[in-house]
Amino acid sequence: EQKLQGSIECSRVSFAYPNGSGLLALSDVSFKINAGENLAIIGPTGSGKSTLAWLLLRFYQANQGKILLDGLEINSLAVHNLRSQIAIVPQKSLLFSGTIEENLLWGNMQADITQRQQALELARADFVQEFPAAEQTVLGSRGDNLSGGQRQRLSLARALKKKKKILILDDATSALDGVTEAKVLKNLQTVASNHTVIIITQRCSTAMAAGRILVLDEGEKVGFGTHSELMQQCPTYQEIYKTQIESNKVS
């Protein structure tokens, strides 16, 4: 089994969904990040952000170009091996009825209480300890007795507890308020040297927490760099920043 370190390279990747409109969801996208780096992927709805995650997990295969992990073409890795080393936290949390402990253990039954507590702290899911039954609290179907933000933090804790080399957050902090989200992202940076973290988001404030940012628009790469570089070079990113951050300052 090939153990991943977590470097990712996309080389001229193009992709259209099978049986879709035939339009490219991604067109000629290239970028590279080293193992242990944080990358944010930002862009409007439908710009191809989540599509990249699906390609990394090999739910689909690129029509053109290559995706390399640790310099190895992704198609040369066994699917089970690949997916066993990537954790994804989607926007809609995948929780099930049962105790919080059972939800946390899903995907890694070996995690002891210390590891679970550590993951809950990193995900700012401290609220679990405030419940009278703590981890033995029983969740309703899909965790519907929790708030949206609590569900997202619990899902993130479960992913962190798995200690995968690559962690993908697909709009996974969208239900959190700005202060809590900033704390969660700061905590992620403390573990980032062991993980490659990909943060898919529509929020500039979220993207700014990453070391580098990939800007997509209608499936094309229109920017790649640090926040300050993009503020100088990328009109799409400048527009997102202006709309979200500067308009907030005014109001």
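Details of the structure are given in the entry above.
What this report covers is the structure whose coordinates are included nearby. (Residues numbered from 1 in each chain as written. Predicted model: local features only at pLDDT ≥ 70, side-chain atom pairs only at ≥ 80, totals over all residues. Heavy atoms only, no water.)

### Let's talk about the nonpolar core
General note: in soluble globular proteins, nonpolar side chains tend to be found buried as a group. In terms of nonpolar packing, the biggest core is built from 41 residues, with Leu-154, Leu-160, Leu-167, Leu-169, Ile-213 and Tyr-237 touching the most fellow members. Residue contributions to this core peak at five residues, all from helix 6 (residues 148-161). Beyond its immediate sequence surroundings of up to four residues, Tyr-237 is in contact with Ile-42, Cys-204, Met-208, Ile-213, Val-215, His-227, Leu-230 and Met-231. Grouped together as the second largest cluster of nonpolar side chains are 29 residues, Ala-25, Ala-53, Ile-86 and Ile-198 included. (Core = buried A, V, L, I, M, F, W, Y, C linked by side-chain atoms within 4.5 Å. Buried < 20%, exposed > 50% of the residue type's maximum accessible area, 1.4 Å probe, protein only. Helix = DSSP H or I, 4+ residues; strand = E, 2+ residues; numbered from the N terminus. Contact = heavy atoms within 4.5 Å.)

### Side note on the pattern of salt bridges
Tallying each qualifying case throughout the model produces five salt bridges. A salt bridge links Arg-116 to Glu-135; the nearest nitrogen and oxygen atoms lie 2.6 Å apart. Placement of the pair is Arg-116 in helix 4 (residues 113-122) and Glu-135 in the loop between helix 5 (127-130) and strand 8 (138-139), with a sequence separation of 19 residues. Take Arg-116 and Glu-135: they sit in the same class, and that class is buried. Several salt bridges share partner residues, and in doing so they unite Glu-101, Arg-116 and Glu-135 into one network. (Salt bridge = Lys/Arg side-chain N within 4 Å of Asp/Glu carboxyl O.)

### Some thoughts on the sheet that holds strand 4 (residues 64-69)
Taken together, four strands build an open sheet; the order of strands is 2-1-4-5 and the sheet is antiparallel. At either end of the open sheet lies a strand with only one pairing partner, and these are strand 2 (26-33) and strand 5 (72-73). Examined bridge by bridge, strand 1 (residues 8-15) and strand 4 share five bridges and lie antiparallel to one another. Looking across to strand 4, one finds that Glu-9 is bridged to Leu-68. (Pairing = 2+ DSSP bridges.)

### Quick notes on unusual backbone geometry
The residue Ala-134 is not glycine, and still its phi comes out positive at about 50°. Residue placement: Ala-134 occurs in the loop between helix 5 and strand 8. Unusually for a residue other than glycine, Glu-218 sits at a positive phi of about 50°. In this fold, Glu-218 is placed in the loop between strand 11 (212-217) and strand 12 (220-225).

### Things to note about the side chain of Thr-137
In this fold, Thr-137 is placed in the loop between helix 5 and strand 8. A polar side-chain atom of Thr-137 sits 2.6 Å from the main-chain carbonyl oxygen of Ala-134. Apart from the residues within four sequence positions on either side, Thr-137 is in contact with Gly-98, Thr-99, Ile-100 and Phe-131. (Polar contact = N/O pair within 3.5 Å; in protein donor to acceptor, adjacent residues only side chain to side chain.)

### Here's the deal with the pairing of strand 12
Here strand 11 pairs with strand 12 via five bridges, running antiparallel. Note that in strand 12 the partner of Leu-214 across the bridge is Phe-224. Once strand 11 ends, the chain turns through two residues before running back antiparallel as strand 12, passing Glu-218 with a positive phi of about 50°.

### A few points about the side chain of Ser-47
By the element assignment, Ser-47 lies in the loop between strand 3 (38-42) and helix 1 (49-56). Of the polar contacts made by the side chain of Ser-47, one reaches the backbone oxygen of Pro-44; its length is 2.7 Å. Non-local contacts of Ser-47, meaning those with residues more than four positions away in its chain, are made with Ala-25, Leu-216, Asp-217, Glu-218 and Gly-219.

### Quick look at the packing of aromatic side chains
On inspection of all chains with the given rule, the structure shows seven aromatic pairs. Ring centres 5.4 Å apart and planes at 50° place the aromatic pair Phe-15 and Tyr-60 in the tilted group. Here the residue Phe-15 occupies a position in strand 1, and Tyr-60 occupies one in the loop between helix 1 and strand 4, the gap between them amounting to 45 residues. Chaining the aromatic ring pairs together yields one cluster made of Phe-15, Tyr-17 and Tyr-60. (Phe/Tyr/Trp six-rings, centres within 6.5 Å; stacked < 30°, edge-to-face > 60°.)

### Some words on the sheet that holds strand 11
One open sheet accounts for six strands, arranged 6-9-10-3-11-12; its pairing is mixed. Edge strands, defined here as strands with exactly one partner in the open sheet, are strand 6 (86-89) and strand 12. Neighbouring strand axes in the sheet, compared pairwise and without regard to direction, differ in orientation by 15° on average. The sheet contact formed by strand 9 (residues 166-170) and strand 10 (residues 196-201) spans five bridges and is parallel. Across the sheet, Leu-167 pairs through a bridge with Val-197, a residue of strand 10. The strands that helix 1 touches are strand 3, strand 6, strand 9, strand 10 and strand 11; relative to strand 10, the one it contacts most, it runs at about 145°. (Axes fitted to C-alpha atoms, helices over the stretch in contact; angles between N-to-C directions.)

### Some words on the packing of helix 4 against helix 6
In contact at an axis separation of 8 Å, helix 4 and helix 6 are set at 130° when each is read in the N-to-C sense. Accordingly, the angle class assigned to the pair helix 4 and helix 6 is oblique. Crossing geometry of helix 4 relative to helix 6 is assigned as right-handed. Note on element contacts: helix 6 touches helix 4 through Leu-154, Ala-157, Leu-160 and Lys-161, opposite Ala-119, Leu-120 and Leu-122. Looking at the contact of helix 4 with helix 6 residue by residue, the class counts come to six nonpolar, no polar and one charged. (Parallel < 35°, antiparallel > 145°, perpendicular 65-115°, else oblique. Left-handed = near helix turned anticlockwise from the far one by under 90°. Nonpolar A, V, L, I, M, F, W, Y, C, P; charged D, E, K, R; others polar.)

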